[in-house]
Amino acid sequence: MNRKRFTTLLVLVFAVFLSLQPLAAQDEVTEFVFAHSGPIRTMDAPVTWFGSTHWLTNGLYDCLIWRAADGNGYVGQAAESWENVDDVTWRFKLREGLTFQNGEVLDAEAVKWNLDRVRSREDFLVYPQWQFIQDVVIVDPLTIEIVTVNPHPYFEYDVSYNGCQLLPPDYMAEVGEEEFARRPIGSGPFKLVEFTESDRYVFEAWDGYWAGPPAVDRVIYQVIPEQSAQVAALLAGQVDMIPAVPRPDRGLLEGSEGISVVEETSNRITSFYLRVETETGAMNETYPDFQPATLNDNVRLAISHALDRELLADVQGSAQPRLSRVCSYYPEGFAEQYADPEAVAAWYNPDLSRSLLAEAGFADGAGPTIYLDAPTFQFGNEKEVAEVAAAMLEEVGFNVELNILDASAYSEQITSGGNNRDMMLTTLGCSPSLVPTFYTCEWTQANYNVCVPEWDALGKQILTTVNPEARLDLWGQWWETYVNYAQTITLYEINSVIAYNSAEFDFTPRKDGWFTFRDLKPRQ
Amino acid sequence: MYGLFVNRMIQMVITLFIVSMIVFFMVRLKGDPISVMAPPTFNTEQIARLREAWGFDKPLLEQYTIFITKAITGDFGQSIQARRPAMELVMERLGNTYLLASCAALLGLVLALPLGVMSAVRRNSLIDVVSSAFAALGNAMPNFWLGLMLIIVFSVNLRILPAFGALEPAAFIMPSITLAVGTAARLSRVTRSAMLEVMNQDYIRTAYSKGLSNRFVLIKHALRNALIPIVTVFGLQLGWLLGGSVVVESVFSWPGLGRLMIESINVRDITVVQAGLFWFALSFILINFIVDALYVYLDPRIHYR
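Owing to the predicted nature of the structure, the values given are computational and were not obtained by experimental measurement. (Residues numbered from 1 in each chain as written. Chains lettered and ligands numbered in written order. Predicted model: local features only at pLDDT ≥ 70, side-chain atom pairs only at ≥ 80, totals over all residues. Heavy atoms only, no water.)

A.B. asks: What is the right way to look at the pairing of strand E16 (residues 423-429) of chain A in this model?
C.D. replies: Within a regular strand, the side chains alternate between the two sheet faces. All names here are of chain A. By the criterion of burial, E16 is predominantly enclosed, with 5 of the 7 residues buried. In this structure, strand E12 (residues 259-274) lies alongside E16, joined through 7 bridges in antiparallel fashion. Considered in E16, the bridge of arginine 268 is made with glycine 429. As paired elements, strand E14 (residues 369-375) and E16 share 2 bridges and run parallel to each other. Paired with leucine 372 across the strands is methionine 423, a residue of E16. (Buried < 20%, exposed > 50% of the residue type's maximum accessible area, 1.4 Å probe, protein only. Helix = DSSP H or I, 4+ residues; strand = E, 2+ residues; numbered from the N terminus. Pairing = 2+ DSSP bridges.)

A.B. asks: Looking at this model, I keep getting lost on the pattern of salt bridges. Mind explaining?
C.D. replies: Tallied over the entire structure, the rule returns 36 salt bridges over all chains. Two residues, A:Arg67 and A:Asp512, come together in a salt bridge whose shortest N-O distance is 3.2 Å. In this pair, A:Arg67 sits in strand E2 (residues 65-67) while A:Asp512 sits in the loop between strand E18 (505-506) and strand E19 (521-522), placing the two residues 445 residues apart along the sequence. Several salt bridges converge on common partners, so that one network encompasses A:Glu178, A:Glu179, A:Arg182, A:Arg183, A:Glu197, B:Arg84, B:Glu88 and B:Glu92. (Salt bridge = Lys/Arg side-chain N within 4 Å of Asp/Glu carboxyl O.)

A.B. asks: Whenever I open this one, the interface of chain A and chain B confuses me. Can you help?
C.D. replies: The accessible area lost on association of the parts is a frequent measure of interface size. Taken residue by residue, the interface counts 47 residues in chain A and 47 residues in chain B. Of the roughly 4100 Å² buried between chain A and chain B on both sides combined, carbon and sulfur atoms contribute 59%. Among the residues chain A hides against chain B, the three largest losses belong to A:Arg41, A:Leu125 and A:Glu412. Together they make up 16% of the total. Between chain A and chain B we count 5 salt bridges in total. The partner of B:Arg83 in a salt bridge is A:Asp123, with the nearest N and O atoms 3.2 Å apart. Counting only elements with at least two residues in the side of chain A that touches chain B, the list comes to helix H5 (169-182), strand E10 (218-223), helix H6 (227-235), helix H15 (407-415) and helix H16 (441-448) of chain A. Looking at the side of chain A that touches chain B element by element, the count peaks at 5 residues for H6(A). Each residue belonging to the side of chain A that touches chain B can be placed in one class, and the counts come to 23 nonpolar, 14 polar and 10 charged. (Contact = heavy atoms within 4.5 Å. Buried area = accessible area lost by both parts, 1.4 Å probe. Nonpolar A, V, L, I, M, F, W, Y, C, P; charged D, E, K, R; others polar.)

A.B. asks: What is the right way to read helix H5 (residues 86-121) of chain B from this model?
C.D. replies: The periodicity of an α-helix, 3.6 residues per turn, causes residues three or four positions apart to be oriented the same way. Compared with the 52 Å implied by 1.5 Å per residue over 36 residues, the 51 Å span of H5(B) between its first and last C-alpha is a close match. In H5(B), a bend of some 30° at B:Arg93 exceeds every other bend along the element. (Expected span 1.5 Å × (residues − 1). Bend = angle between axes of the 7 residues up to and from the residue.)

A.B. asks: Any chance you could explain the packing of aromatic side chains here in plain terms?
C.D. replies: The geometry of an aromatic ring pair comes down to the distance between the two centres and the angle between the two planes. Applying the stated criterion across every chain, the model contains 42 aromatic pairs over all chains. Aromatic side chains B:Phe24 and B:Phe25 sit 5.2 Å apart centroid to centroid with 80° between the ring planes, which places their arrangement in the edge-to-face category. Overall, B:Phe24 belongs to the buried group, its relative accessible area being 1%. Residue B:Phe25 is classed as partly exposed on the basis of its relative accessible area, which comes to 24%. These aromatic residues form a ring-pair network of at least three members: A:Phe32, A:Phe34, A:Trp55, A:Phe203, A:Tyr221, A:Tyr500, A:Phe505, A:Phe507, A:Phe515 and A:Phe517. The cationic tip of A:Arg300 hangs over the ring face of A:Tyr485; the distance from NZ or CZ to the ring centre is 4.5 Å. (Phe/Tyr/Trp six-rings, centres within 6.5 Å; stacked < 30°, edge-to-face > 60°. Lys NZ or Arg CZ within 6 Å of the ring centre and 35° of its normal.)

A.B. asks: What should I look at first to understand the domain arrangement of chain A in this one?
C.D. replies: All names here are of chain A. Assigned domains within chain A: domain 1 (31-35 + 173-265 + 497-522), domain 2 (62-168) and domain 3 (267-495). Contact residues are listed per partner, giving 17 residues for domain 1 and 23 residues for domain 2. Summed over both sides, the interface between domain 1 and domain 2 buries roughly 1800 Å², with carbon and sulfur atoms accounting for 50% of that surface. On the surface where domain 1 and domain 2 come into contact, there are 4 salt bridges. When the shortest N-O distance is used, the salt bridge between arginine 518 and aspartate 62 registers 2.9 Å. There are 11 residue pairs in polar contact (both at pLDDT 80 or more) connecting domain 1 and domain 2. Breaking the side of domain 1 that touches domain 2 down by element, the ones donating at least two residues are H5 and strand E8 (190-196). (Domains from an automatic or database assignment. Polar contact = N/O pair within 3.5 Å; in protein donor to acceptor, adjacent residues only side chain to side chain.)

A.B. asks: Mind showing me how you'd approach helix H9 (residues 297-306) of chain A here?
C.D. replies: Residue and element names in this part refer to chain A. Of all the 10 residues making up H9, 8 are buried; the element is thus mostly covered by neighbouring parts of the structure. Every buried residue belonging to H9 is among Val299, Arg300, Leu301, Ala302, Ile303, Ser304, His305 and Ala306, and all of these are buried. N-capping of H9 is provided by asparagine 296, with a side-chain oxygen placed 2.8 Å from the backbone N of asparagine 298.

A.B. asks: Just checking my understanding: could you explain the pairing of E12(A) for this structure?
C.D. replies: Residue and element names in this part refer to chain A. Burial of E12 is extensive: 12 of the 16 residues sit out of reach of the surface. Bridge count for E12 against strand E17 (residues 488-501) is 13 bridges, and the pairing is antiparallel. Residue pairing for E17: arginine 268 is matched across the bridge by isoleucine 494.

A.B. asks: Honestly, the state of the cysteines in this entry has me stumped. Any pointers?
C.D. replies: Each disulfide consists of a covalent bond between the sulfur atoms of two cysteine residues. All names here are of chain A. For the structure on display, the rule yields 3 disulfides over all chains. Put simply, cysteine 327 and cysteine 430 are joined by a disulfide, and their sulfur atoms are 1.8 Å apart. The S-S bond linking cysteine 327 to cysteine 430 shows a torsion near -95°; that makes this disulfide left-handed. Of this pair, cysteine 327 sits in the loop between strand E13 (319-321) and helix H11 (335-338) while cysteine 430 sits in the loop between E16 and H16, and the two are 103 residues apart along the sequence. Here cysteine 327 falls in the buried class, since its relative accessible area comes to 0%. (Disulfide = S-S within 2.5 Å.)

Right, dumping it as structure tokens:
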């Protein structure tokens, strides 16, 4: 074959190959790669409390019901319908013909086994959250009743929370928990087909899902610990989404073709937690005889009025200033009163702060010394936020001793170690079902050896009042105590800043800050 | 050689025992991991029950006795987070770390030896200047920075190499280069100085005067005699490559032991930390053993009793 003929043949082969491309493209698998910082460890979801693990396993397992993506109510998963029979009984009707991905039947018995498992296993980190259940009664193979200890206004939230995942009991009995963690099976829209622990998890659409297979054929969770490496992978087109865009990279990603940056509430609120006693935690041993200035009610309130939350939220980078500790999209957050920019701005009152300090015996700028603990970085610029807050406090007369620690050391020594002296910066979830629990006397007495009886009574009433209007009234009173007692001083609600491949996918972030890809659609 | 083997085996057991003790007490220095892993919904009573369930309520010495008795049989306990045997998690990652370190070591060696030999032979020439500049740069550049720069150039701009993972052969290229540059820089300097010393010896002059070719003299007479310090430094570098992989594995999301260790330390999964550090220690000891054995091969005058 001479060179000319060979070249012609090569061109022809190439042309045929190119012409076949659109045909081949029709059979292409739609693959979505989500980059995540990790770590992710177990696939036996109820065992753990880490949110990231629950994001990952969300497509693998169905729950009875699940929180709607827009934060407005609940949607049925294994349950087709559910009703509140009386104050303490909830009845769930399961969908007909449900199975797990291995063909095992998902019926009332399987649901009962799962609920009994999470509420009886003390070694599970979700165990305390499931103590609201008194009994689980099988009515018939498709009907189950859950009886709660008390009337439970946040039942739907709690029954769809961490630990709600339905696992196949027979398969678990056959392989054991250790093997199950290696080869998990659920009843959700995605099957786990391959994984390396805390590195890469490959899920494929399951044809047998009750709602039909999801629109994306394959979802891959890829752990990429470094944020800058995540950004590079997105820019290189090797991942399709990163859940937390570093502030310096935001402009770069916004200006990149085919990439969109969106912001949505992350369901997290950052606050200062103040010492109101001296008897608990390691602080007592580390600093014997230390008397926190924050034991004084006026000092705590002075701190609260000295902080310009709008500026602090700005320093954080992607946050909204707040006064209450429940996220603003919940009615219980009282957004009009505690999230309204004017109301928050009005709360910032350095003059009032100074006069409160004077009442506490610290007149003419000779304020008390306050020890302020903060991590370098957890959810966004904590170090800088603490520094600016310290400057604000010094402005009204406090002497501030800043103690900034690396995030893991901070967690070990301060938040978990109990070594906070006056105030510490912490970010926590903001759902209304959990918040009052942390201020009831059972909790505060056991953890801080203090109790505010009126506050305790209000919290308990909230947690047992099923009527929404009456409950909101109680919340209104509860917040009055919260902002004026100032044991916890809310600063801001954090947003997630998400960057994704908008050229190929349609994505709407969830209100609760979770990353699940059941509803993800390829762009047409 | 047999004496060396027995000697090193005894040393290995003693070292591993000491390492296990240090690691065990160090990771518990700041208290048990339960307080860190427990969610805020746990009260003090529930934390105490969890502590009891994992055996962290027992006296430290009793905990250590239980640990070491099981560790002798290869059982390092269950991972607190993954609920799987800690050693199993470590073994899943170990191969990737060894593979990456081996590639980097090989690459480092391939770069350093010719560079070092040539800059010694052509002292003060352009190649010597370039080699010196490379050594200075290679030593000064932090490997995480180099790794990110490579990602930006080859993954983001040129789009020819994967930015993360260990899924395809091409994924080895950037992490290996990142790890190898430092090793090559150090090794090339050692090779140069060792070669310079050997090149001034009488037997090299004799070899040349016998009319042997330049290549033969360099490889057979000079390089072979210069190998002892090179092997010593290379052995140390292998250890550094295993340790250095901790950073590089994070930058390139390489599913290796280094990344597992970082993650486990962050979430205080101490059983995994203990198992991982055991393997790191064992690897260092084995590398040292191989280096010692190589001395005997390279210089027959060396004997171990």
